[in-house]
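Topology and contacts: notes
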Amino acid sequence: MKILVTGAAGFIGAAVSQYLINRGDHVVGIDNINDYYDVNLKHARLAHINTSDAASHFTFIEMGVEERDKMTALFEEHKFDRVVHLAAQAGVRYSLENPNAYVDSNIVGFVNILEGCRHNSVGHLVYASSSSVYGANETMPFSEQHNVDHQVSLYAASKKANELMAHTYSHLYNLPTTGLRFFTVYGPWGRPDMALFKFTKKILEGDTIQVYNFGNHRRDFTYIDDIVEGVIKSLDNVASPNEQWDGKQPDPSTSKAPYKVYNIGAQTPVHLLRFIETLEEALGVEAKKELLPMQPGDVPDTYADVSSLVADTGYQPKTNIDKGVKAFVDWYRDFYNI
Ligand SMILES: NC(=O)c1ccc[n+]([C@@H]2O[C@H](COP(=O)([O-])OP(=O)(O)OC[C@H]3O[C@@H](n4cnc5c(N)ncnc54)[C@H](O)[C@@H]3O)[C@@H](O)[C@H]2O)c1
C-alpha cells in the first residue's frame, strides 16, 4: 500500500514508518522539522530510516500540514491508500506558552488532512489523539466509553477537537477514521521534552531533576514498540460502522459512521518515583531530586483500559518498564557516546 505518514521525523512517526517499510509498504513521510526540540535528533531518526535495506520504499518531503496548497497537491499526486497522521505540536506545558502553534498544526493541519482524505478516497485515516483528552476525569482505568468533555490544556482540547472533526468526516463522507489515544510513550529515539529523556540527561550530567506533583503522578508508560504494534493493528483494522449504535444512549467511542477511538496504553500505571528508581537502576546513578507542586495543565494519573483495542485487533502490550527503561538508557548512551 501507499501510505502517508505525517510527523515522520518524530519519535512515533519514524518508528511507524520503519515498520511499514519493513513489511513492504511504500511510505511517503512528511514533517516540517520544527525546532520545538533538537532538530538533529529528527534528522538522525530520518537518516536511520534511510539507511535501512528497504530505503527505496521511503520518500521524505519537508513540509507543514498547515500548508493548504501543498497538502492539496501532495494528496492529488500520491493518491494514498491509507494515512497515518502523527504530526502535531505535542506537549502539554508548551501549550500554555505558545497556543497558536497548536491551532496551526493541530487544528488547521488536521482539516487539511481530512480534506485530502475526503477528496482522494483514502481508505482509512488513523490519527494521534492523546490520553490527555481524559482531562479532569477521575474514574480509572480511563475508558473510551467515558465522556471526555473536560480537557485541562489547549493541547488536550486540540486532540479532542480532532476526534470531533474526524467524526463529522466519517459521517458526511463515509471516511473510515480511527483515533488513537496514546498514553505516555517512551523508548529509544524518544522525545527530549519528556520526563525520561530530561531525567536521563540531567542525572548523567550530575544536575538535579525536577519532579512535579512531588512524584505522586501515576503514568501508564507505554513502550514505543507496543505503540507501533497498536498503530499498525489499528491501521489494518479499517474502522466500520457500529450497527448497534444508539443515538438515545450514544457510545462515544463508535458511531453509525465508520469511526473509532481507542486507548493505546500498557494498562499498568506506574508511580513516578518508582519510574525514577527504575531509571536510577538502569543508569547505576542515584538522582538528585527537587520535589515540586503539580504543573498547570497536567493531570495527576493516567491509566488506560485497552480492552476495546485488544478485542478488535488482538493488541497485547509486552514491554514492562524495567526492560523498556533499560532499552532507552542503552540507546541514549550509544547515541550520545556516553
Ligand atoms: N509521545 C507521547 O507520549 C504521546 C502521547 C500522546 C499523544 N501523542 C501524539 O502522537 C503524535 C506523535 O508524537 P511524538 O511523541 O512522535 O512527537 P514528536 O514531536 O516527536 O513528533 C511529531 C512530529 O511532527 C512534526 N510536526 C509538528 N508540527 C508539524 C506540522 N505543522 N507539519 C508537519 N510536521 C509537524 C514535528 O517536527 C515532529 O517531528 C503527536 O500527534 C502527539 O501529539 C504522543
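Higher on the page you've got the structure.
The structure reproduced in this document is the subject of the present report. What you see is a predicted model, and the numbers here were worked out from it, not measured in a lab. Residue numbering note: each chain is counted from 1, following its sequence as written. The model is predicted, so local features are restricted to residues of pLDDT at least 70 and side-chain atom pairs to those at 80 or more, both for listing and for counting; the totals for chains, interfaces and linings are taken over all residues. In computing side-chain values, all of the structure's heavy atoms are included and hydrogens and water are not.

1. Some words on the site of the ligand
- Here a residue is considered near a molecule or strand provided that any single heavy atom belonging to it is located within 4 Å of it. With respect to spatial proximity, 30 residues lie near the ligand, and among them Asp31, Tyr37, Glu66, Tyr155 and Val185 are the closest.
- Here an oxygen atom of the ligand and a side-chain polar atom of Tyr155 are 2.7 Å apart.
- One of the side-chain nitrogen or oxygen atoms of Arg191 is found 2.9 Å away from an oxygen atom of the ligand.
- Only the protein chains shown count as covering a residue, and every accessible area follows the Shrake-Rupley method with a 1.4 Å probe. Burial of the ligand by the protein chains amounts to 98% of its free accessible area of 820 Å².
- Each helix is a run of H or I in the DSSP string that is no shorter than four residues. Each strand is a run of E no shorter than two, and both are numbered from the N terminus. For the shell around the ligand, the elements supplying multiple residues, two or more each, are α1 (11-22), β5 (124-130) and α6 (154-173).
- Looking at the shell around the ligand, the element that brings in the most residues is β5, giving three residues. Identification of polar contacts relies on pairs of N or O atoms within 3.5 Å, with a donor-acceptor requirement for protein atoms, meaning one able to donate a hydrogen and the other able to accept it, and with residues adjacent in sequence counted only if both atoms are side-chain atoms.

2. A short note on the environment of Ile61
- Summarising the element assignment, Ile61 is placed in strand β3 (residues 58-62).
- Every residue pair with non-hydrogen atoms within 4.5 Å of one another is taken to be in contact. Ignoring sequence-local partners within four residues, the contact set of Ile61 consists of Val28, Gly29, Ile30, Asp31, Leu74 and His78.

3. Examining the packing of aromatic side chains
- What counts as a ring pair is set by centres within 6.5 Å for rings of Phe, Tyr and Trp (its six-membered ring), and what kind of pair is set by the plane angle: stacked under 30 degrees, edge-to-face over 60, tilted for all other angles. For the structure on display, the rule yields 27 aromatic pairs.
- Their ring planes at 40 degrees and their centres at 5.0 Å tell us that Tyr36 and Tyr94 sit as a pair that is tilted. Placement of the pair is Tyr36 in the loop between β2 (26-31) and α2 (39-50) and Tyr94 in helix α4 (residues 94-97), with a sequence separation of 58 residues.
- Relative accessibility thresholds used throughout: buried, under 20% of the residue-type maximum; exposed, over 50%; partly exposed, between the two (1.4 Å probe, protein chains only). On the accessibility criterion, Tyr36 (23% relative accessible area) is partly exposed.
- Between Phe142 and Phe183 the ring centres are 6.4 Å apart and the planes differ by 40 degrees, which places this aromatic pair in the tilted class. In this pair, Phe142 is assigned in the loop between β5 and α6 and Phe183 in the loop between β6 (177-182) and β7 (185-186), connecting sequence segments 41 residues apart.
- Given a relative accessible area of 2%, Phe142 falls into the buried group.

4. Considering a nonpolar patch on the surface
- A patch is a set of surface residues, each over 30% in relative accessible area and not in a salt bridge, joined within 9 Å for like charges and within 5 Å for the nonpolar side chains Val, Leu, Ile, Met, Phe, Trp and Tyr. Salt bridge, as used here, is a side-chain nitrogen of Lys or Arg placed within 4 Å of a carboxyl oxygen of Asp or Glu. Together, Val103, Val108 and Leu154 give the surface a local cluster of nonpolar side chains, amounting to about 200 Å² of exposed area.
- Owing to a relative accessible area of 35%, Val108 belongs among the partly exposed residues under this scheme.

5. So, the pattern of salt bridges
- Taken as a whole, this structure holds 17 salt bridges when the rule is applied.
- The residue Glu115 makes a salt bridge to Arg118 at a minimum N-O spacing of 3.0 Å. Of this pair, Glu115 and Arg118 both sit in helix α5 (residues 99-119), three residues apart, which is roughly one turn of that helix.
- The closest approach of N and O atoms between Lys233 and Glu229, which form a salt bridge, is 3.2 Å. One end of the pair is Lys233 and the other is Glu229, both in helix α8 (residues 224-236) and four residues apart, which spans about a single turn.

6. What about the sheet that holds β2?
- A strand pair is defined by DSSP finding two or more bridges across the two strands. The sheet built from seven strands is open, its strands ordered β3-β2-β1-β4-β5-β6-β11 with parallel pairing. Both outer strands of the open sheet, β3 and β11 (259-264), are each paired with one neighbouring strand and no more. For this sheet, the mean angle separating the axes of adjacent strands, direction not counted, is 20 degrees.
- Two elements, β5 and β6, share six bridges in a ladder whose sense is parallel. Bridging across to β6, Leu125 finds its partner in Thr177.
- What counts as an axis is a line fitted to C-alpha atoms, over the stretch in contact for a helix, and the angles between N-to-C directions run from 0 to 180 degrees. The strands touched by α6 are β5, β6 and β11; relative to β5, the strand with the most contacts, the crossing angle is about 155 degrees.

7. Observations concerning α6
- A helix is expected to reach a length of 1.5 Å times the quantity of its residues less one. Spanning 20 residues, α6 covers 28 Å between terminal C-alpha atoms, matching the ideal 28 Å at 1.5 Å per step.
- Those residues of α6 lying buried are Tyr155, Ala156, Ser158, Lys159, Lys160, Asn162, Glu163, Met165, Ala166, Tyr169 and Ser170.

8. Considerations on unusual backbone geometry
- That bond from Met140 to Pro141 is cis: its omega, -10 degrees, falls within 30 degrees of zero.
- The topology assignment puts Pro141 in the loop between β5 and α6.
- One non-glycine residue, Ser121, lies in the positive phi region at around 50 degrees.
- Looking at the secondary structure, you find Ser121 in the loop between α5 and β5.
- Classification of Ser121 as exposed rests on a relative accessible area of 65%.
- Within the chain, Asn174 stands out as a residue other than glycine whose phi angle is a positive 60 degrees.
- Among the structural elements, Asn174 can be located in the loop between α6 and β6.

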